[in-house]
Structure formats: structure tokens, C-alpha cells
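Architecture at a glance
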Amino acid sequence: MTEMGALFSLALVAVVAAAGLDIVANAALVKAQGFRKPFYTLAAVALICTAFTGLAYAVRTMDLSVAYALWGGFGILGTSLMGAAFFGQRLRPSAVLGMGLLIGGMTTLHLS
């Protein structure tokens, strides 16, 4: 693997990690109940700050547009699936179709 390829791979890991942190932060926001529970509120803020740190690391070697699109896409997918699995939120067929399109778009971005 070339040095640039290795840096891009590390950047991709950073984007995926940042998206994971964002997903957990979104769960903490639900648990914070409109910022009424300080522990969950502070946890959400700390997780979001850490997620942005990972995104900042990624854009050192990856185009901002690609990194942000991947981060947002993974975050949307993960948050939607987490909401369905843990909070009983229902996913309509149009949401599932949209997620499929997101996955296709993110794969295209990564491969280009």
C-alpha cells in the first residue's frame, strides 16, 4: 500500500469512528430529554466534540467534501438503525430506500 493509500485508510477509519461517536451522541441526546438530564447532556457534548476531532483528523488527508459526506451518511444510517433498534422508532419503506441510496452514494464516493 502506498503512503497516500495508508493515510486515506487512516482517514476513513477516523471518519467511521467519528460517525460512531456521533451516533452514540445522538442516543445521549435522546436520553438527555431536552437537556433536562445533565449527565446525558454533558456526555452528548463530549461525544460530539470528540467526533469533530476525528473528522478534523480525517480532513488532513481526505477531501472535506468526501469526509463530511461519509461522516453524515454513516451517522444518518447508524442513528436511524439505532432509533429503530433501541427506541422503537419505525422506519418507513421510503426511509429504507433512502438508506440504500445513501449506501450506494457513499460507496461511490469512497471508490472514486
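Please refer to the structure placed before this passage.
All chains use their own residue numbering, which begins from 1 and follows the written sequence. Given that this is a predicted model, residues contribute local features only at a pLDDT of at least 70 and side-chain atom pairs are listed and counted only at 80 or more, while totals for whole chains, interfaces and linings are drawn from all residues. Only heavy atoms go into the side-chain values, all of them from the structure, while hydrogens and water stay out.

To qualify as a helix, a DSSP run of H or I must reach at least 4 residues; to qualify as a strand, a run of E must reach at least 2; elements of each kind are numbered from the N terminus. Note that G75 resides in helix α3 (residues 64–87). Residues G75 and V15 lie 60 residues apart in sequence; the distance between their C-alpha atoms is 9.9 Å. Discounting chain neighbours no more than four positions away, the residues touching G75 are A19, D22 and I23. Residues count as neighbours in contact if any of their non-hydrogen atoms are within 4.5 Å of one another.

Below, the discussion takes up unusual backbone geometry. Phi is positive for Q33, close to 50°, though the residue is something other than glycine. When you line up the elements, Q33 lands in the loop between α1 (3–31) and α2 (38–58). Throughout this description, buried means an accessible area under 20% of the type-specific maximum (1.4 Å probe, protein chains only), exposed means over 50%, and partly exposed covers the range between. Judged by its relative accessible area of 37%, Q33 is partly exposed. Of note, F35 is a non-glycine position whose phi angle comes to about 65°, a positive value. Mapped onto the fold, F35 is located in the loop between α1 and α2.

Let's shift gears to α3. Multiplying 1.5 Å by the helix residue count minus one yields the expected span of that helix. In this model α3 runs 32 Å from its N-terminal to its C-terminal C-alpha over 24 residues, within 8% of the 34 Å that 1.5 Å per residue would give. Those residues of α3 that fall on the buried side of the exposure criterion are V66, A67, L70, W71, G73, G75, L77, G78, M82 and G83.

Topologically, D22 is positioned in helix α1. Despite its burial, D22 pairs with no opposite charge, the nearest such side chain being K31 at 18 Å. Apart from the residues within four sequence positions on either side, D22 is in contact with A51, W71 and G75. Positive charges come from Lys and Arg, negative ones from Asp and Glu, while His and the chain ends are left out of the count. Salt bridges, as used here, are contacts in which a Lys or Arg side-chain nitrogen is within 4 Å of a carboxyl oxygen on Asp or Glu.

Let us look at the packing of α2 against α3. One way to put it is that α2 packs onto α3 with a least axis distance of 10 Å and a crossing angle of 145°. Crossing hand, α2 versus α3: right-handed. Touching A51, F52 and L55 of α2 are A67, Y68 and W71, all from α3. For this classification, the nonpolar set comprises Ala, Val, Leu, Ile, Met, Phe, Trp, Tyr, Cys and Pro, the charged set comprises Asp, Glu, Lys and Arg, and every other residue, Gly included, is treated as polar. Taken together, the residues of the contact of α2 with α3 sort by class into six nonpolar, no polar and no charged. An axis is simply a line fitted to the C-alpha atoms; with a helix, the fit covers only the stretch in contact. Between two such axes, the angle follows the N-to-C directions and lies from 0 to 180 degrees. Crossings are assigned a handedness: left-handed for a near helix turned anticlockwise from the far helix by less than a right angle, right-handed for a clockwise turn.

With respect to the secondary-structure elements, T41 resides in helix α2. Taking relative accessible area as the criterion, T41 reaches 15% and is therefore assigned buried. Two N or O atoms count as a polar contact when they lie within 3.5 Å, although within protein this holds only if one can serve as hydrogen donor and the other as acceptor, and sequence-adjacent residues are included solely when both atoms are side-chain atoms. Of note is the side chain of T41, whose polar atom sits 3.0 Å from the backbone oxygen of K37. Residues in contact with T41, not counting those within four places in the same chain, are A32 and F35.

Geometry of aromatic contacts follows a simple scheme: Phe, Tyr and Trp rings, the Trp one being its six-membered ring, pair when their centres are within 6.5 Å, and the pair is stacked under 30 degrees between planes, edge-to-face over 60, tilted otherwise. Scanning the model with the defined rule gives three aromatic pairs in all. Consider the rings of Y68 and W71, whose centres lie 5.4 Å apart with planes at 50°: the pair is tilted. Note that Y68 and W71 are positioned in helix α3 at a spacing of three residues, about one turn of the helix. Residue classification places W71 among the buried positions, given a relative accessible area of 8%. By way of ring pairs, the aromatic residues F52, Y68 and W71 are connected into one cluster.

Treat this as a map of the structure, not an account of what it does.
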